[in-house]
There are 2 protein chains.
Amino acid sequence: MLGLMQEWPLLCHKILDYAAAQHGDREIVSRSVEGPIVRTTYSDIHARAKKASQALEADGFGLGDRIATLGWNSARHMEAWYGAMGVGGVYHTLNPRLFPEQIAWIMNHAEDKALFVDLSFLPIVEAIADKVPSLRKIIVLTDADHMPENSKVEMVDYESWIGRQDGDYAWKQFDENTACGMCYTSGTTGDPKGVLYSHRSNVLHALISVQPDALNLGSNEVIMPVVPMFHANAWGIAHSAPMVGAKIVNPGPLMDGASIYELLDTEKVTMTAAVPTVWLMLLSYLEETGKKLPHLNRVVIGGSACPRAMTEAFQNDYDVQVIHAWGMTEMSPLGSLGVMKPVYGDLEGDALLDMQEKQGYAPFGVEMLVTDDENSELPWDGKTFGKLKVRGPGVARAYFGGAGEEQFDEEGWFDTGDVAHINANGYMQITDRSKDVIKSGGEWISTIDLENLAVGHPDIQEAAVIGIVHPKWDERPLLICITKEGKSPAAEDILEFMQGKVAKWWMPNAVAFVEEIPHTATGKIQKTELRKQFADYRFDDG
Amino acid sequence: MLGLMQEWPLLCHKILDYAAAQHGDREIVSRSVEGPIVRTTYSDIHARAKKASQALEADGFGLGDRIATLGWNSARHMEAWYGAMGVGGVYHTLNPRLFPEQIAWIMNHAEDKALFVDLSFLPIVEAIADKVPSLRKIIVLTDADHMPENSKVEMVDYESWIGRQDGDYAWKQFDENTACGMCYTSGTTGDPKGVLYSHRSNVLHALISVQPDALNLGSNEVIMPVVPMFHANAWGIAHSAPMVGAKIVNPGPLMDGASIYELLDTEKVTMTAAVPTVWLMLLSYLEETGKKLPHLNRVVIGGSACPRAMTEAFQNDYDVQVIHAWGMTEMSPLGSLGVMKPVYGDLEGDALLDMQEKQGYAPFGVEMLVTDDENSELPWDGKTFGKLKVRGPGVARAYFGGAGEEQFDEEGWFDTGDVAHINANGYMQITDRSKDVIKSGGEWISTIDLENLAVGHPDIQEAAVIGIVHPKWDERPLLICITKEGKSPAAEDILEFMQGKVAKWWMPNAVAFVEEIPHTATGKIQKTELRKQFADYRFDDG
């Protein structure tokens, strides 16, 4: 027997309808690529997104068409998303930090038919336009006055393009499982893989993420998503903020400390979200200038682990609460948030910082478990670590085009590729990546834990740990270090420093000093490259 | 093209799975019918609900079966709900305040097959048991020691009944639109009508209701649902609290000021939800005893309009924020909440109280409009009132068995039967019931506004306004009053008092003094009865 409740499909454009109806005057403030700060409202975005839908439809785009975007966070970029979704199309965010060839590869894989692009990224467009045969239309997110004069590529400016429409448009209606968005994971190995969000997954993810123990987002918040829209579905903020009528402040192309600070201050931002790198720049700007953050209540930090010193600085020096979060493009992306449950309500000082080093706990709608190599579930004891697997309405069940099948099992669990432990209260901590963890005599050793420990030595600048094949133990850890300028500690000094701080059998078998450690485009240590460099390395006893 | 996200049906028992996994130690504290305060946890409720499912299945109950409950708020009552939902059954709450014949009528209409009942309501069971032929099993929510000795009705005690199960049970899986709960509206006219909730509608309603601008419910809250589980789906709290791991404090059968205060104080309740009547008792207890409410942060008040003086008392005397809310059984039930948007962030004193007299604004997932008699949408100007219509995933699309079809239109709008206006910022205020509003010369007059005004006169105890047929204006208002003891004001005094405070054409044509005004079981003025009494009344000019 079915219930007798209304069929009300969860469609993303209903979020924008709602924002226009209930929070129509609430502002979206963006630092534009052209320079000035631009102010608009949810009403305006709603009206203009409808024009974008009309214009897309007039140009022959519709249900299922992938509409790429290559832009900074801005109101126009949001309109492009909602315009694409409104015709049943799929916004497809491209990461401008990739090489043009990678972008072209991704666009061809996705078969993008149209492209919205910021002025800043026209060089990329010129480099790729004739390499993507499916691409039929390029719309530059600017007005006629700012259009370049002699481009070899045919393009229209966004303002003229939507200006020809009257906005009298009814969003298309369809099943809530219809695709609406797409984002490729960068992937340290292999080709990028596309995640294909549905209207349902985005709406549910937004509902899940606004709750008090997640982003805690209501109409009184002023949120600055420093995390770019082209990164991990913008952490869902392009959906969650209009869902609750929060004011959005878009930093646009400028992420340096002074520029971020300016907007935090003038727009009275109450919460913000970004990767640690951005916060490093802001914190050092604040330290230099002696400025404070009187309006900011909390920062959500994810993308990579938040250093303890950063949490400490925000909380102790600026009275800003840090929420350490974890997620993945494949998860829409939020997976867990470091909000304190009542059991930890009295923690302070180091005990609180200890708990905040964990990536937090999963909200309703995210199921989590850790398993061993035999797929047996491991206990939630805060130390036994294994493969982290997740399930939920915001989690992918496949990649576009079918790659990466081995990450999905028949019970619906997605293998995140992360290694983690979970404590008795549900707080999860990433200890490694599956492909990096060292398997020594059947037991796992976390390379990240060893690296964090090694950089605590005063002479070490950066550290990386990889597994080296070993005849008896299968693999044993090698610690690779860059020393600080002018320092040249002995290997024994480093190991002695680490001794007693980890289990004895975790201790690296040797230390190698290098001049440089390779990094990916997003700043992560490129361990595949390191493993290649040390492919022939053997320990004295190996 | 469909998205590639996981199929993860929104099923209510996933909420309890989540609560057990992530908030397993969080307490549910209930004042039991047997007397003592009983403490349990989400882990326990989860384990015991699985036993309840097993026991129901062992007794032959399953998909689609209506399982009635007749009980106060308690952990056992929650287990009964989840136990019923877990086998694919439908919890069906019965209101013990109805007459036994009404309860039997409703049970027969719903074809209830089993009944969970509190000890307090055994007299009702004895009165109805042989009048409901579909009823096959009666489970008393108590243990063997408390069972009555010589009942003429066959019953088992809950503890022995679940005690025979091992709890090793996998919840049934099915479509998320499967029915899971049922609640009949009392209905001032006609037979009661059944609303049939689905798993999807309950899960979405819970997600919508926990957000900051709605109930603002997180793991750190301690919520006391004074609103009974048999009233309007318990305002969704039996789903929303476990969804976020909030501690629940159930008042059980005792709603007097002293009993409510005791639990608020000893359990450090931070938020609570009830109808105004309960708060009147609490406020008068506080006034008598001089006690304060140091732990309580906010009260959600709905069910009927919250008097301004009550809001003032909570906020000014006890520093407890009032959230005026509106909803209906047909809406799961939340429709709007009086949380202040930033545009009203600076309001205080009378200006804030003015705004709090409104029933608030609708969260995402509740669409609202007001229409005139010709179904044309009326402006959101804060004064033009019309029929209030709603739409959303938590709104009914029909009543069980097909009654009340005229309330649903083909575009999915449900006519609430309320008359309201909505202001430019989306804040709605109920001004009347459709069937009570007076239509004078094609214009509407709110009887509630006139009543509120009339009771402001120092000699008036209670007032009711009804329309009397009029040859020229179709209908004109008659003010019916009960005077305070020992007072006997003239009709002219009352009218003079009202003069200038409402539009001239709203002024009642006459005043009738009576000894008594009829009320419904839930304390509302029974205007149908009044209209019968005054059926032959005519104005001097009519």
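Residues numbered from 1 in each chain as written. Chains lettered and ligands numbered in written order. Predicted model: local features only at pLDDT ≥ 70, side-chain atom pairs only at ≥ 80, totals over all residues. Heavy atoms only, no water.

(A) Structural view of the interface of chain A and chain B. Of the residues lining the interface, 71 residues belong to chain A; the matching set on chain B comes to 71 residues. Buried surface at the junction of chain A and chain B, both sides included, amounts to about 5800 Å², of which 60% is carbon and sulfur. Together, Met1(A), Met5(A) and Phe364(A) form the three largest contributors to the area buried by chain A at its contact with chain B, with a combined 17%. The interface formed by chain A and chain B holds 2 salt bridges in total. Here chain A is connected to chain B by 36 residue pairs in polar contact (both at pLDDT 80 or more). Element by element, the count of residues in the side of chain A that touches chain B is highest for helix H7 (residues 199-210) of chain A, at 7 residues. (Contact = heavy atoms within 4.5 Å. Buried area = accessible area lost by both parts, 1.4 Å probe. Salt bridge = Lys/Arg side-chain N within 4 Å of Asp/Glu carboxyl O. Polar contact = N/O pair within 3.5 Å; in protein donor to acceptor, adjacent residues only side chain to side chain. Helix = DSSP H or I, 4+ residues; strand = E, 2+ residues; numbered from the N terminus.)

(B) Inspection of the packing of helix H1 (residues 12-22) of chain A against helix H2 (residues 42-58) of chain A at higher detail. Residue and element names in this part refer to chain A. As a packed pair, H1 and H2 sit with axes 8 Å apart at the nearest point and diverge in direction by 140°. Relative to H2, the element H1 lies oblique. Both H1 and H2 take part in a crossing whose hand is left-handed. Counting all contacts with H1, which are made through Leu16, Asp17, Ala19 and Ala20, the residues of H2 involved are Tyr42, Ser43, Ile45, His46, Ala49 and Lys50. Of the residues contributing to the contact of H1 with H2, the split by class is 6 nonpolar, 2 polar and 2 charged. (Axes fitted to C-alpha atoms, helices over the stretch in contact; angles between N-to-C directions. Parallel < 35°, antiparallel > 145°, perpendicular 65-115°, else oblique. Left-handed = near helix turned anticlockwise from the far one by under 90°. Nonpolar A, V, L, I, M, F, W, Y, C, P; charged D, E, K, R; others polar.)

(C) Examining the relation of the copies chain A and chain B more closely. Superposition record for chain A on chain B: RMSD 0.1 Å, screw rotation 180°, translation along axis 0.0 Å. The transformation relating the two chain copies, once decomposed into turn and shift, fits a two-fold axis. Relative to the rotation axis, the closest C-alpha in chain A is found at Gln211(A), a distance of 2.3 Å. Of the interface residues in chain A, 100% have counterparts in chain B that sit at the interface too, so the contact is made through matching surfaces. (Least-squares fit on C-alpha atoms with pLDDT ≥ 70 in both.)

(D) Structural context of the state of the cysteines. All names here are of chain A. Counting across every chain of the model gives 0 disulfides over all chains. There is no disulfide at Cys12, and the cysteine sulfur nearest it, in Cys180, is 3.9 Å away. You can call Cys12 buried: its relative accessible area is 0%. (Disulfide = S-S within 2.5 Å. Buried < 20%, exposed > 50% of the residue type's maximum accessible area, 1.4 Å probe, protein only.)

(E) Seen up close, the domain arrangement of chain A. All names here are of chain A. According to the domain assignment, chain A consists of domain 1 (13-20 + 39-198), domain 2 (367-433) and domain 3 (438-533). On a C-alpha basis, the centres of domain 1 and domain 2 stand 33 Å from each other. Counting the surface domain 1 buries against domain 2, the share from its top three residues, His109, Lys193 and Gly194, is 59%. Inspection of the domain 1/domain 2 interface yields 0 salt bridges. Those elements giving two or more residues to the side of domain 1 that touches domain 2 turn out to be helix H4 (100-110), strand E8 (179-185) and strand E9 (193-198). Considering every element that reaches the side of domain 1 that touches domain 2, the biggest residue donor is E9, with 4 residues. Looking at the side of domain 1 that touches domain 2 residue by residue, the class counts come to 5 nonpolar, 2 polar and 2 charged. (Domains from an automatic or database assignment.)

(F) Highlighting the pattern of salt bridges. All chains considered together, the criterion is met by 50 salt bridges over all chains. Among the salt bridges present, the one from Arg76(A) reaches Glu159(A), with a minimum N-O distance of 2.9 Å. Residue Arg76(A) is found in helix H3 (residues 75-86), and its partner Glu159(A) is found in helix H6 (residues 158-163); the two are separated by 83 residues along the sequence. On the accessibility criterion, Glu159(A) (21% relative accessible area) is partly exposed. With a shortest N-O distance of 2.9 Å, Arg39(B) and Glu267(B) are connected by a salt bridge.

(G) The arrangement of the pairing of strand E8 (residues 179-185) of chain B in detail. Residue and element names in this part refer to chain B. Most of E8 is tucked away, with 7 of its 7 residues classed as buried. Two elements, strand E4 (residues 90-93) and E8, share 3 bridges in a ladder whose sense is parallel. Residue His92 lies in a different strand from E8, and its bridge partner there is Met182. Of the pairings in the sheet, the one linking E8 to strand E9 (residues 193-198) comprises 6 bridges and is antiparallel in character. Residue pairing in the sheet places Cys183 in a bridge with Val195 of E9. (Pairing = 2+ DSSP bridges.)

(H) Layout of the sheet that holds strand E16 (residues 367-371) of chain B. All names here are of chain B. Strand order across the open sheet formed by 4 strands is E16-E17-E18-E19, with antiparallel pairing between neighbours. Two strands in the sheet have a free side with no partner beyond their single neighbour: E16 and strand E19 (428-433). Pairs of neighbouring strands in the sheet enclose a mean axial angle of 50°, with direction left out of account. With 5 bridges joining them, E16 and strand E17 (residues 386-391) adopt antiparallel strand pairing. Along E17, the bridge assignment pairs Leu369 with Lys389.

(I) Layout of the sheet that holds strand E10 (residues 222-225) of chain B. Residue and element names in this part refer to chain B. Spatial ordering of the open sheet is given by E2-E1-E11-E10-E12-E13-E14-E15, a layout of 8 strands whose pairing is mixed. The sheet is open, and its two borders are formed by strand E2 (37-41) and strand E15 (334-337), each paired with just one other strand. Each neighbouring strand pair of the sheet contributes to a mean axis angle of 20°, computed without reference to strand direction. Its contacts with the sheet place helix H8 (residues 237-244) against E10, strand E11 (247-250) and strand E12 (271-274), and it is angled at close to 170° to E10.

(J) Molecular detail of the packing of aromatic side chains. Residue and element names in this part refer to chain A. Summed over the entire model, instances satisfying the criterion amount to 40 aromatic pairs over all chains. For the ring pair Phe385 and Trp444, a centre distance of 6.5 Å and an interplane angle of 45° mean the geometry is tilted. Here Phe385, found in the loop between strand E16 (367-371) and strand E17 (386-391), pairs with Trp444, found in strand E21 (residues 443-445); they are 59 residues apart in sequence, far enough to count as distant. Grouping aromatic residues by their ring pairs yields a cluster made of Phe385, Trp444, Trp505 and Trp506. Over the ring of Trp8 we find Lys14, and its NZ or CZ is 4.0 Å from the ring centre. (Phe/Tyr/Trp six-rings, centres within 6.5 Å; stacked < 30°, edge-to-face > 60°. Lys NZ or Arg CZ within 6 Å of the ring centre and 35° of its normal.)

(K) How the structure looks around unusual backbone geometry. The omega angle of the peptide bond from Ser332(A) to Pro333(A) is 10°, so this bond is cis rather than trans. Mapped onto the elements of the fold, Pro333(A) is located in the loop between strand E14 (321-327) and strand E15 (334-337). Its identity is not glycine, yet Asn233(A) carries a phi of approximately 60°, on the positive side. Inspection of the secondary structure puts Asn233(A) in the loop between strand E10 (222-225) and helix H8 (237-244). A positive phi is found at Ala232(B), a non-glycine position, where the angle reads about 50°. Summarising the element assignment, Ala232(B) is placed in the loop between E10 and H8.

(L) How the structure looks around a negative patch on the surface. Residues and elements named next belong to chain A. A surface patch of negative charge is lined by Glu287, Glu288, Glu312 and Asp317. Elements supplying a minimum of two residues to the negative patch: helix H10 (276-289) and helix H11 (308-318). With respect to the secondary-structure elements, Glu288 resides in helix H10. Residue classification places Glu288 among the exposed positions, given a relative accessible area of 65%. (Patch = residues over 30% accessible without salt bridge, like charges linked within 9 Å, V, L, I, M, F, W, Y side chains within 5 Å. Areas by Shrake-Rupley, 256 points an atom, 1.4 Å probe, with all protein chains shown as cover. Lys, Arg positive; Asp, Glu negative; His and termini not counted. Charge placed at Lys NZ, Arg CZ, Asp CG, Glu CD.)

(M) Highlighting H1(A). Residue and element names in this part refer to chain A. The buried fraction of H1 is high, at 9 of 11 residues. Among the residues making up H1, those that are buried are Cys12, His13, Lys14, Ile15, Leu16, Tyr18, Ala19, Ala20 and Gln22. On its buried face, H1 is in contact with H2, H3, E8, H7 and H8.

(N) Representation of the side chain of Glu451(B) in the model. All names here are of chain B. Residue placement: Glu451 occurs in helix H13 (residues 447-454). Taking the relative accessible area as the measure of exposure, Glu451 reaches 9% and is therefore buried. Beyond its immediate stretch of four places on either side in the chain, Glu451 contacts Ala463, Ala464, Val465 and Lys527.

(O) Local environment of the packing of helix H1 (residues 12-22) of chain B against helix H7 (residues 199-210) of chain B. All names here are of chain B. For the pair H1 and H7, interaxial distance at closest approach is 8 Å and the crossing angle is 45°. Classified by the angle their axes make, H1 and H7 are oblique. Taking contact as the criterion, the partners of Cys12, His13 and Ile15 in H1 are, on H7, His199, Asn202 and Val203. Looking at the contact of H1 with H7, its residues break down into 3 nonpolar, 3 polar and no charged.

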